[in-house]
Amino acid sequence: MDGSIASRLRDTTGSISKKKTSVYQRNWLLYLMVAPAVILTLIFAYTPMYGVVIAFQNYEPWKGITGSSWIGLDNFRSLWAFKDVKQVIWNTFLISGMKIVAELVAPFIFALLLNEVRHMAFKRWVQTLVYLPHFLSWVILGGILVDLLSPSGGLVNRILGQFGVSPIFFLGDGNWFRFTVVVSNVWKEFGFATIIYLAALAGINPSLYEAAEVDGASRLQQTFYVTVPSLLPLMMVLGTLSLGNILNAGFDQIFNLYSSLVYSKGDIIDTYVYRMGLVNGQFSFGVAFGLFKSVISTVFIVISYRLAYRYGNYRIF
Amino acid sequence: MYYKSKSYRIFAICNTLLLAILSIMCILPMIHVLAVSFSGKAAVSGNLVNLWPIDFNLDAYRKTVANPAFINSILVSVERVVLGTTVGMLVILVGAYPLSKERNVFRFRSIFMWFFVFTMLFNGGIIPSYILITKLHLMNSIWALVLPGAVSVFNMIMLMNFYRNVPKELEEASLIDGANHLQTMWNVYLPISMPAIATLSLFTIVGHWNSWFDGLIYVTKPSNYPLATYLQTIVVEKDLSKLIQSANDMEKLTQRSIKAAQIFIAAVPVLIVYPFLQRHFVKGIVLGAVKE
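Residues numbered from 1 in each chain as written. Chains lettered and ligands numbered in written order. Predicted model: local features only at pLDDT ≥ 70, side-chain atom pairs only at ≥ 80, totals over all residues. Heavy atoms only, no water.

### A short note on the overall build of chain B
Thought 1: Scanning chain B from N- to C-terminus turns up 15 helices and zero strands.
Thought 2: Per-residue burial for chain B yields a buried fraction of 52% across its 292 residues.
Thought 3: Taking contacts inside chain B between residues at least 6 apart in sequence as the whole, the part at least 24 apart equals 69%.
Thought 4: Taken as a whole, chain B presents about 13,400 Å² of accessible surface, with 67% of it coming from carbon and sulfur. (Helix = DSSP H or I, 4+ residues; strand = E, 2+ residues; numbered from the N terminus. Buried < 20%, exposed > 50% of the residue type's maximum accessible area, 1.4 Å probe, protein only. Contact = heavy atoms within 4.5 Å. Areas by Shrake-Rupley, 256 points an atom, 1.4 Å probe, with all protein chains shown as cover.)

### Some remarks on the overall build of chain A
Thought 1: Looking only at helices and strands, one finds 15 helices and two strands in chain A.
Thought 2: For a compact globule of 317 residues, the expected C-alpha radius of gyration is about 20 Å, and chain A comes in at 26 Å, more than 25% above that figure.
Thought 3: Counting only C-alpha atoms and orienting by the principal axes, one finds that chain A spans roughly 85 × 75 × 30 Å.
Thought 4: Looking at chain A as a whole, 53% of its 317 residues are labelled buried.
Thought 5: Within chain A, residue pairs in contact and separated by at least 24 positions form 63% of the contacts whose partners lie at least 6 positions apart. (Rg over C-alpha atoms; globule rule 2.2 N^0.38 Å.)

### Brief notes about the pattern of salt bridges
Thought 1: In total, this model carries 10 salt bridges over all chains according to the counting rule given.
Thought 2: We note a salt bridge from A:Asp270 to A:Lys293, for which the minimum N-O separation is 2.9 Å. In this pair, A:Asp270 is assigned in helix 14 (residues 269-279) and A:Lys293 in helix 15 (residues 283-312), connecting sequence segments 23 residues apart. The exposure classification of A:Asp270 matches that of A:Lys293, with both residues buried.
Thought 3: The partner of B:Asp59 in a salt bridge is B:Arg62, and the shortest N-O contact between them spans 3.0 Å. Of this pair, B:Asp59 and B:Arg62 both sit in helix 3 (residues 59-65), three residues apart, which is roughly one turn of that helix.
Thought 4: For B:Asp59, a relative accessible area of 25% corresponds to the partly exposed category.
Thought 5: B:Arg62 gets classed as exposed once you look at its relative accessible area, which sits at 55%. (Salt bridge = Lys/Arg side-chain N within 4 Å of Asp/Glu carboxyl O.)

### Description of a nonpolar patch on the surface
Residue and element names in this part refer to chain A.
Thought 1: On the surface, Val295, Val299, Ile303, Leu307 and Tyr311 cluster together into a nonpolar patch covering about 470 Å² of accessible area.
Thought 2: Note that Tyr311 resides in helix 15.
Thought 3: The exposure class of Tyr311 is exposed, given its relative accessible area of 62%. (Patch = residues over 30% accessible without salt bridge, like charges linked within 9 Å, V, L, I, M, F, W, Y side chains within 5 Å.)

### Description of the interface of chain B and chain A
Thought 1: Across the contact, 108 residues belong to chain B and 95 residues belong to chain A.
Thought 2: Both sides of the chain B and chain A interface together cover about 9,100 Å² of buried area, and 76% of this is carbon and sulfur.
Thought 3: Taken together, the connections running from chain B to chain A amount to one salt bridge.
Thought 4: B:Arg256 serves as the salt-bridge partner of A:Asp147, at 2.6 Å between the closest nitrogen and oxygen.
Thought 5: Inspection of the region where chain B meets chain A yields 19 residue pairs in polar contact (both at pLDDT 80 or more). (Buried area = accessible area lost by both parts, 1.4 Å probe. Polar contact = N/O pair within 3.5 Å; in protein donor to acceptor, adjacent residues only side chain to side chain.)

### Topic: the UniProt feature "transmembrane region" (unreviewed entry) in chain B
All names here are of chain B.
Thought 1: Per the UniProt record, "transmembrane region" (unreviewed entry) is found at residues 12-35, 81-99, 111-131, 143-163, 184-206 and 260-277.
Thought 2: Across residues 111-131 one finds 81% helix and 0% strand; the C-alpha atoms that close the span lie 28 Å apart.
Thought 3: Helix makes up 96% of residues 184-206 and strand makes up 0%, while its end C-alpha atoms are separated by 29 Å. (UniProt positions renumbered as here; feature names shortened; annotations may be inferred.)

What follows is the structure, encoded as structure tokens:
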């Protein structure tokens, strides 16, 4: 009796058991527990991966994957024949790049400013208010922004009008559209992105500040010589990780803000794949472009995780 | 001390002002929309409404609540949130437990880990997913909105990290008492991980409530859209024909108040859940993201 419990305990807590099979015998339940997640992932994540073979076919929905004819790389070749495609890739990089820079800088500065607040209740209020937009969807925020930015009487243009600025069509003019996308994304996410910096700020050793103060450093000097250097590694990691997402320029946001007026400057890969593939029914073309994006994205993500691990010791698990 | 110096005090005042303005700017758009939703037609179409309702009335809300499509979409969303959160949380609560074990207890742990993490790196894209859902005959079913996203790998990894913080002694005691792994997880791990579970559940609830795109492609009957999808087609597509039937209604209300009312109603559950959420999530995110 005692022996069996002891051996069971060894198996479940980590020691090597005498009989190799007993690890599975004792812990078979663990495999059953992970099974639902495995099955759902197999069906809903791995089966669609098999579906990317459509990119190499002339896919016809009524014939299905098994019945459609194989055409090799023709879909990929025809990608480059579309003049839209190069523009869409450029838009994706541009919008995404501007977002990454803004998303790195804004929360950093905000965290530094918030860190100087000594009044705890005020600090909590500020945090509560700036986190809020993160939890509202782009559908809701899109609806709000369309109303707010309308050139005919939207609140923003009315305020600008007070200063003599003629109405700006923020969501209808290509160049203003990109600007609006980047700024509204900062508005939605900067507060939430601050959380991680605030956590890092709380972790800075107070004796560093004491030492700096003894040496006669002003608060500004303390910020530049103690706080900023302490946060830079984290900023590097966040920047590196966001590089992995450079081809994800924000489907939800773009889709809810754009219109045919700004397709040329505002279309990104994801919205273009949706419109061409699902809406216009060009399945093979859509999948080919989507696959192109996924492969390059995966390469970017792997590189960015490697860099984050090497320079910031960051691990996913 | 530095904070007693004159220049620092001037900075502190400016800083406080700046932060106050920034945080108010984060919610002003919401307040404006709320004001529009409560205002009369003349004031709205004359662009007179700023942050306070003019000619206060509830017509936009009355019209919205009387609209069966809107009410039905709320019911679909509620069903989705309940089913989606239950299934999603159960799967990761149970699934994260084996992954939190050491390799010599849970053999092939790293293969399982990579099996899940790979789906964060690469996916088939929307068109193959769409074809899959049609092939499984899940179109127009609530399960098409619940099952594909049920395994949130990110949440599972967060939970796994929490499970790993549970003291080994508690697990040993439970196993000596004769409990199996499932009982141990349920009776020992869950109660200790409650803050993490609360955070992840609330994130899942908000996520399901806000999801709109899958509703748009997997539900073909607009009458069965979840609220976020319904709102997307109405508010963003600027299509009011489904909502306003008679010319008389057009007279009484501008489309802007109705849109504003619908936007606000859709945001209410998030605004209610948010304060509960906020208490926990900061700790949750930091623990999940920063590891020793």
